[in-house]
Number of protein chains: 2
Amino acid sequence: MDFKLSTQPYKGTRDFYPREMRLRNWFFGKIRDALELACFEEYEGPMLESLDLYAAKSGEELAKEQTYNFEDRGGRSLAIRPEMTPTVARMVAAKMGELNYPLKWFSIANMYRYERPQRGRLREFWQLNVDIFGCDTFEADLDVIKSAITVLRAFGADESMFLVHINNRRFFNDAIAAIAGTDTEGARRVSKVVDRKNKVPRETYEADLKALGLTDEQIAKIDALYTMNVTEATALCPDSVGATELRALFDALEKTGLAKYCTFDFGIIRGLDYYTGTVFEVFDNAPENNRAMFGGGRYDNLVGLFQKNASISGVGYGMGDVTLENFLTTHNLIPDFNVGKTKVLITRFADVPLEAYNQIADTLFSSGVRACLYLGNKKFGKQIDFAAKEHYSHVIIMGSDELASGTVKVKNLGTREENVVKIEALDSFFTDGAVPSDITWDDIMNGVKE
Amino acid sequence: MDFKLSTQPYKGTRDFYPREMRLRNWFFGKIRDALELACFEEYEGPMLESLDLYAAKSGEELAKEQTYNFEDRGGRSLAIRPEMTPTVARMVAAKMGELNYPLKWFSIANMYRYERPQRGRLREFWQLNVDIFGCDTFEADLDVIKSAITVLRAFGADESMFLVHINNRRFFNDAIAAIAGTDTEGARRVSKVVDRKNKVPRETYEADLKALGLTDEQIAKIDALYTMNVTEATALCPDSVGATELRALFDALEKTGLAKYCTFDFGIIRGLDYYTGTVFEVFDNAPENNRAMFGGGRYDNLVGLFQKNASISGVGYGMGDVTLENFLTTHNLIPDFNVGKTKVLITRFADVPLEAYNQIADTLFSSGVRACLYLGNKKFGKQIDFAAKEHYSHVIIMGSDELASGTVKVKNLGTREENVVKIEALDSFFTDGAVPSDITWDDIMNGVKE
């Protein structure tokens, strides 16, 4: 065949070579560990879903435009999932009567969106989704916000690096009603203008509010809300359910030591109409990067599209892997994965039998030391080059002399230190050393990690 | 909206509720740990690839028939990956000059195949792919076969449960040539008949061989090979390169203690033409289930479709999650994930402030004890029901009396044992107990697990 295929991945997707994969596994591993400690449980669904699932939410045209979709040979319209919520809604609806509420669920899954690739947005991305279903009180909102803070803290982020901006849609509506006498629909229209506030010039913002019938004085009152704390703001309509929810949430954030990570922000709307209570966005504090990284909120009915006369509330958020990586890179929170990890290459000479080397590998393996034989018959110098390039921490050298004396040389490629070690003492040389093994074969067999 | 959406996942795909997801994470975690200990490195590629990638290998018609494929709005033909090899070949070809060989790579990724769902075969499945690229000697074959054995052993499987059947395509060709005087193309035709041997009646098998010109005597000689060990079989054409490879491999299997998991089997072909040397299949020994679970082999040129005048050899295998689950279920190797895991529900009374409960949760969390507050305001009995159904191991009970005395009651839901514990001694109550914590917050922060 003369025609040669391209080696590039499809536009907007990424190849994860071992280096990138280590980073991804590190991301997901930390997130998983932190959320599981707080009793969140992981779920996942299929990559392909019926297109209806997305069309029902955002209209067929938009669903078709934003997803990768096609018909199968049975004429069924399918889409590659662009988000997780419709899938999890379907799953909850399917087992609604069997599940024990509240559910604390999360997933880490890949999604596809048909859009122009740009910084922070790719066509294929991974997304963390965290939700609590079936708990109507502010405590679930607290728990979800806490989980977002916990996830970022697990990566070493502290309060100097990010801030959670919190608002409440019910409170927003009541506050706008108190200021401008609007009904729910009027408040919704105002919310659309507030949502765009930071994306348009001030004049446009004011003109848009005036077009909705607001006066300069009313606009000034809204302006005042943007800088108020939660006590000042909720004083505007103290009996509003939203105000009560906000005060309860902030009171709890204060008492649970989370207040330093959070601020009230009347400008937070979260575009989508389906949010009904608490809404929040997490901002990167880095000046060059000051923007919402991710966010979420509370919605009243998760399963309405699937079940008549049934209602399960939810509160949650989604966080993309690209956004998270940008944040961690900016704040220098990604470690060098090659430092401090024991990984041993057993180099080889032609006059020593394979099984002698193999026995060393097996001994180290059983003790939980990452180790393997050099495969192939390159010269010793090339084997050392290979070890250095592939970030092995140590090489083991055993020629026929060492074999005869039952010893090996262990060379630390970082410090250049060399030790002669009895073969039977080899496992303890590594496991008693400064760098403990990550996991032993017994751990794997007995499932300590699961 | 009156029309209600279906709650069923798309045909041939699965929803992973937390219970199923725990199983999947357990599968993949064990595989990852075992392979990483042997210095294999994980990679992944995109779900979507150019359809060309599959058409180049198996023809456009077959590629279109077996994959989910469609055109994007730029007119580019895409397919959801039905297998990993074309992706990894593309990735290796893209960085051919930068990579350090041999590569020991694996991936665990989901695939889609357009086929009728049946036992062991779904439309969406996960597949482990393990390969060594760029090592031409039998040692890579040994290492790959060893990794397959290691993966199964990591799940507790032993030599009574599975057996690796090994053959060599070069030896096969030479043996058939020695018996029937065929050339390479003739041997290839015979291999197709042998490959189908166990799927057709004996008469069909014989008739097919006779149609290729083989005599009864030659057929009998092939029959004899099916029951021979490697020494007997390779005596037929001792100078064949394939025979030398086979003897070296079996000698090494013997000397490295792996012989008990392996057998020579002249009937193993692995349908695909691209295998060139060692081929193997792993059989389930359970009588009701005696069939090849998965297999693989050696192929000469991975990157030929992408790079002219370049050649990188590979040896590897793929194993599906459904097959693995069937095997583990048959041999009773899947543990009860709810046994022995500490998971604490902090129950609540209305007259104790939220933050008092929250502090207990934080203390346990910091000590690596999986714990959370009951969310909501259901009665105490309902909270206990919830804990039992959701497999919490313990509940913590703190009413206003306990709060006043700085204690809590800890109830073990398995043994029904109840202890009164000082709040400040609560973390050590769990961490010093019989069930150690899986991972602590410090572990998560400091990355011990990565």
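Residues numbered from 1 in each chain as written. Chains lettered and ligands numbered in written order. Predicted model: local features only at pLDDT ≥ 70, side-chain atom pairs only at ≥ 80, totals over all residues.

Draft legend 1. The overall build of chain A, seen in detail. Tallying secondary structure elements over chain A gives 17 helices and 16 strands in all. Taking 2.2 N^0.38 as the reference for a compact globule, 450 residues should give roughly 22 Å; the C-alpha atoms of chain A span a radius of gyration of 28 Å, well beyond that estimate. The principal-axis extents of the C-alpha atoms in chain A amount to approximately 95 × 55 × 50 Å. Long-range contacts, defined as pairs at least 24 residues apart, comprise 65% of the intrachain contacts of chain A with a sequence gap of at least 6. (Helix = DSSP H or I, 4+ residues; strand = E, 2+ residues; numbered from the N terminus. Rg over C-alpha atoms; globule rule 2.2 N^0.38 Å. Contact = placed C-beta atoms within 7 Å.)

Draft legend 2. Spatial organisation of the environment of B:Val279. Residues and elements named next belong to chain B. The residue Val279 is located in strand E9 (residues 275-284) in this model. You can call Val279 buried: it has 27 C-beta atoms within 10 Å. Between the alpha carbons of Val279 and Ile145 there is a distance of 10.0 Å; along the sequence they are 134 residues apart. Ignoring anything within four residues of it in the chain, the contact list for Val279 reads Asn167, Asn168, Arg169, Ile268, Ile269, Arg270 and Gly297. (Buried ≥ 20, exposed ≤ 12 C-beta atoms within 10 Å, placed from the backbone.)

Draft legend 3. The arrangement of the interface of chain A and chain B in detail. Counting residues at the interface gives 83 residues for chain A and 84 residues for chain B. For the side of chain A that touches chain B, the leading source of residues is helix H1 (residues 18-37) of chain A, giving 10 residues.

Draft legend 4. Broad picture of the environment of A:Glu36. Relative to the assigned elements, A:Glu36 resides in helix H1. What makes A:Glu36 partly exposed here is the crowd of 17 C-beta atoms within 10 Å.

Draft legend 5. Local environment of the pairing of strand E12 (residues 343-346) of chain B. Residues and elements named next belong to chain B. By the alternation rule, side chains of E12 split into Lys343 and Leu345 and Val344 and Ile346, which are all buried. Sheet topology note: the E12/strand E13 (residues 370-373) ladder contains 4 bridges and is parallel. Counterpart to Val344 in the pairing with E13 is Ala371. For the crossover that starts at E12, traverses helix H13 (residues 354-366) and ends in the parallel E13, the hand is right-handed. Summarising the sheet, E12 and strand E14 (residues 394-397) pair through 3 bridges and their orientation is parallel. Across the sheet, the residue bridging to Leu345 is Val395, located in E14. (Pairing = 2+ DSSP bridges. Right-handed = clockwise from strand over helix to strand, strands pointing away.)

Draft legend 6. How the structure looks around unusual backbone geometry. With omega at -5 degrees, the peptide bond leading from A:Tyr101 into A:Pro102 counts as cis. Residue position: A:Pro102 is located in the loop between helix H4 (85-94) and strand E5 (103-112). One non-glycine residue, B:Asn332, adopts positive backbone phi at about 60 degrees. Relative to the helices and strands, B:Asn332 is located in the loop between helix H12 (321-330) and E12.

Draft legend 7. Up close: the sheet that holds strand E2 (residues 48-50) of chain B. Residue and element names in this part refer to chain B. In spatial order, the strands read E2-E4-E3; together these 3 strands make up an open sheet with antiparallel pairing. Strand pairing shows two members of the sheet lacking a second neighbour, E2 and strand E3 (69-71), which therefore form its edges. Neighbour-to-neighbour, the strand axes of this sheet turn through a mean angle of 35 degrees, independent of strand direction. When E3 meets strand E4 (residues 77-80), the two strands line up antiparallel, connected through 3 bridges. Within E4, the residue paired with Asn69 across the bridge is Ala79. (Axes fitted to C-alpha atoms, helices over the stretch in contact; angles between N-to-C directions.)

Draft legend 8. Main features of the relation of the copies chain A and chain B. By a simple turn and slide, chain A fits onto chain B: the slide is 0.0 Å along the axis, the RMSD is 0.1 Å, and the turn is 180 degrees. The transformation relating the two chain copies, once decomposed into turn and shift, fits a two-fold axis. Within chain A, the C-alpha atom positioned nearest to the axis of rotation is that of A:Phe70, 3.2 Å from it. Looking at chain A, 100% of its interface residues are interface residues in chain B too, so the copies touch through the same face. (Least-squares fit on C-alpha atoms with pLDDT ≥ 70 in both.)

Draft legend 9. Up close: the sheet that holds strand E6 (residues 124-133) of chain A. All names here are of chain A. On the basis of which strands lie adjacent, the open sheet formed by 8 strands has the order E1-E5-E6-E11-E10-E9-E7-E8 and mixed pairing. Because the sheet does not close on itself, it has two edges, and the strands there are strand E1 (41-42) and strand E8 (262-264). As paired elements, strand E10 (residues 292-299) and strand E11 (residues 314-320) share 5 bridges and run antiparallel to each other. Counted as the bridge partner of Gly295 is Gly318 from E11. Its contacts with the sheet put helix H5 (residues 138-154) on E6, strand E7 (162-168), strand E9 (275-284), E10 and E11, and the angle it makes with E11 is roughly 20 degrees.

Draft legend 10. Representation of H12(B) within the structure. All names here are of chain B. Every buried residue of H12 is accounted for by Asp321, Thr323, Leu324, Phe327 and Leu328. Seen from one end, H12 has its buried residues packed into an arc of 160 degrees, which puts them on one side. Structurally, H12 contributes buried residues whose contacts are with helix H1 (18-37), strand E6 (124-133), E9, strand E10 (292-299) and strand E11 (314-320). (Arc of directions from axis to C-beta.)

Draft legend 11. Local environment of the nonpolar core. Counting 248 residues, the largest nonpolar core has A:Ile346 and B:Ile346 as its most contacted members. Excluding anything up to four places from it in sequence, A:Ile346 contacts A:Tyr357, A:Ile360, A:Ala361, A:Ala371, A:Cys372, A:Leu373, A:Tyr374 and A:Ile396. (Core = buried A, V, L, I, M, F, W, Y, C linked by C-beta atoms within 7 Å.)

Draft legend 12. Structural context of the packing of H1(A) against H5(A). Residue and element names in this part refer to chain A. The geometry of H1 relative to H5 is characterised by a closest axis approach of 9 Å and an angle of 135 degrees between their N-to-C directions. Put simply, H1 runs oblique to H5. When the axes of H1 and H5 are compared, the crossing they make is right-handed. Within the contact between the two elements, H1 uses Lys30, Ile31, Ala34 and Leu35 and H5 uses Ser147, Thr150, Val151 and Ala154. Along the lines of polarity and charge, the residues of the contact of H1 with H5 split into 5 nonpolar, 2 polar and 1 charged. (Parallel < 35°, antiparallel > 145°, perpendicular 65-115°, else oblique. Left-handed = near helix turned anticlockwise from the far one by under 90°. Nonpolar A, V, L, I, M, F, W, Y, C, P; charged D, E, K, R; others polar.)

Draft legend 13. Representation of helix H6 (residues 169-180) of chain A. All names here are of chain A. For H6, built from 12 residues, the straight-helix expectation of 16 Å at 1.5 Å per residue is met to within 8% by its first-to-last C-alpha distance of 16 Å. In terms of burial, H6 is a largely internal element, 10 of the 12 residues being buried. Of all the residues in H6, the buried ones are Arg169, Arg170, Phe171, Phe172, Asn173, Asp174, Ala175, Ile176, Ile179 and Ala180. The inward-facing, buried residues of H6 abut E7, helix H7 (184-196), helix H9 (216-227), helix H10 (230-234), helix H11 (241-255) and E9. (Expected span 1.5 Å × (residues − 1).)

Treat this as a map of the structure, not an account of what it does.
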